[in-house]
Amino acid sequence: MTAAQRAIVDRIRASARVVRQAVDGVRRERLATPPRDGEWSALEALTHLRDVVVHVHGLRIRRLLYEPAPVFADFDEEAYRRASLARGESAGHLLETIVGEHEQLARLLETLPDADWMREGRHPSLGPMSIEFLARRVGEHAEEHAAQIAAAAGGS
């Protein structure tokens, strides 16, 4: 594993801790209340993060391991997020899923030969995406939404 690849894996693990800290800083009632129409609440940001890490980043990385040059479909994140919110999934469950997926992806990436990090698939409108690109986005995306969760809940 190259130093750059190690840094990506380390960031995936660190970003899971950052999300956990952001959620721990939110009042429980704020995470138990679904957002009002048009609101992007802490709960909605947490739901979005779970949906994307599992159904976009995680799924695409796994497909790149098992399929030659896959074509990635769009993910209707908004509809999926609304359905998840309607089911009333708890913040604890969402958080544990995010942290678990981050750890699974980190362990999976640690097993990859260096050259496999460049394997690519293609999204029809977003273009080529490599394992390295997607893995980098896991940590970046989590950090972005950890900040959003804290801000939506009145934190720093």
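Residues numbered from 1 in each chain as written. Predicted model: local features only at pLDDT ≥ 70, side-chain atom pairs only at ≥ 80, totals over all residues. Heavy atoms only, no water.

## Thoughts on the layout of surface pockets
Left-over empty space is what a probe sized like a water molecule reveals as it rolls over the atoms.
Item 1. Estimates place the volume of the largest pocket at around 220 Å³.
Item 2. For the lining of the largest pocket, the elements supplying multiple residues, two or more each, are helix 3 (42–66) and helix 6 (131–152).
Item 3. Element by element, the count of residues in the lining of the largest pocket is highest for helix 6, at four residues. (1 Å grid on protein atoms, 1.4 Å probe; cavity = no way out; pocket = protein on both sides within 12 Å on 5 of 7 lines; lining within 4 Å. Points joined across faces, edges and corners; volume = space filled by probe spheres on them. Helix = DSSP H or I, 4+ residues; strand = E, 2+ residues; numbered from the N terminus.)

## Some points on the nonpolar core
Generally speaking, soluble globular proteins have nonpolar side chains that are buried together.
Item 1. Core analysis: the largest hydrophobic core is formed by 38 residues, its most contacted members being Val19, Leu31, Leu46, Ile61, Leu109 and Ile149.
Item 2. At the level of elements, helix 1 (3–24), helix 3, helix 5 (91–110) and helix 6 are the ones that each hand at least two residues to this core.
Item 3. Ignoring any residue separated from it by four or fewer positions in sequence, one finds Val19 in contact with Leu46, Leu49, Leu95, Ala142 and Ala146. (Core = buried A, V, L, I, M, F, W, Y, C linked by side-chain atoms within 4.5 Å. Buried < 20%, exposed > 50% of the residue type's maximum accessible area, 1.4 Å probe, protein only. Contact = heavy atoms within 4.5 Å.)

## Thoughts on the packing of helix 1 against helix 5
Item 1. Across the interface, helix 1 lies against helix 5 with an axial gap of 9 Å and an inter-helix angle of 170°. As far as their axial angle goes, helix 5 and helix 1 are roughly antiparallel. Each of Arg6, Val9, Ile12, Arg13, Ser15, Ala16, Val19, Arg20 and Val23 in helix 1 lies in contact with helix 5, whose residues at this interface are Leu95, Glu96, Val99, His102, Glu103, Ala106, Arg107, Leu109 and Glu110.
Item 2. Classifying every residue of the contact of helix 1 with helix 5 gives nine nonpolar, two polar and seven charged. (Axes fitted to C-alpha atoms, helices over the stretch in contact; angles between N-to-C directions. Parallel < 35°, antiparallel > 145°, perpendicular 65-115°, else oblique. Nonpolar A, V, L, I, M, F, W, Y, C, P; charged D, E, K, R; others polar.)

## Structural notes on the packing of aromatic side chains
Item 1. Taken as a whole, this structure holds one aromatic pair when the rule is applied.
Item 2. An angle of 50° between the planes, with centres 5.5 Å apart, marks the rings of Phe75 and Tyr80 as tilted.
Item 3. We classify Phe75 as partly exposed; its relative accessible area is 25%.
Item 4. Residue classification places Tyr80 among the partly exposed positions, given a relative accessible area of 30%. (Phe/Tyr/Trp six-rings, centres within 6.5 Å; stacked < 30°, edge-to-face > 60°.)

## Digging into the pairing of strand 2 (residues 127–130)
Item 1. Where strand 1 (residues 120–123) meets strand 2, four bridges bridge the pair, whose relative direction is antiparallel. When the sheet's bridge partners are listed, Glu120 is paired in strand 2 with Ser130.
Item 2. In textbook terms, the turn of a hairpin is the stretch between consecutive antiparallel strands, and for strand 1 and strand 2 this stretch comprises three residues. (Pairing = 2+ DSSP bridges.)

## Concerning the pattern of salt bridges
Item 1. The final tally for this structure, using the stated rule, is 19 salt bridges.
Item 2. Note that Asp10 and Arg6 form a salt bridge whose closest N and O atoms lie 3.2 Å from each other. One end of the pair, Asp10, and the other, Arg6, are both in helix 1, four residues apart, so they sit about a helical turn from each other.
Item 3. Overall, Arg6 belongs to the partly exposed group, its relative accessible area being 31%.
Item 4. We note a salt bridge from Glu143 to Arg11, for which the minimum N-O separation is 2.5 Å. (Salt bridge = Lys/Arg side-chain N within 4 Å of Asp/Glu carboxyl O.)

## Examining the environment of Asp114
Item 1. Locating Asp114 in the fold gives a position in the loop between helix 5 and strand 1.
Item 2. Between the C-alpha atoms of Asp114 and Glu78, which are 36 residues apart in sequence, the distance is 35 Å.
Item 3. Discounting chain neighbours no more than four positions away, the residues touching Asp114 are Met1, Thr2 and Gln5.

## As for the side chain of Thr47
Item 1. Considering the arrangement of structural elements, one finds Thr47 in helix 3.
Item 2. Every residue in contact with Thr47, bar those within four places of it in the chain, is listed here: Arg81, Ser84, Leu85 and Leu94.

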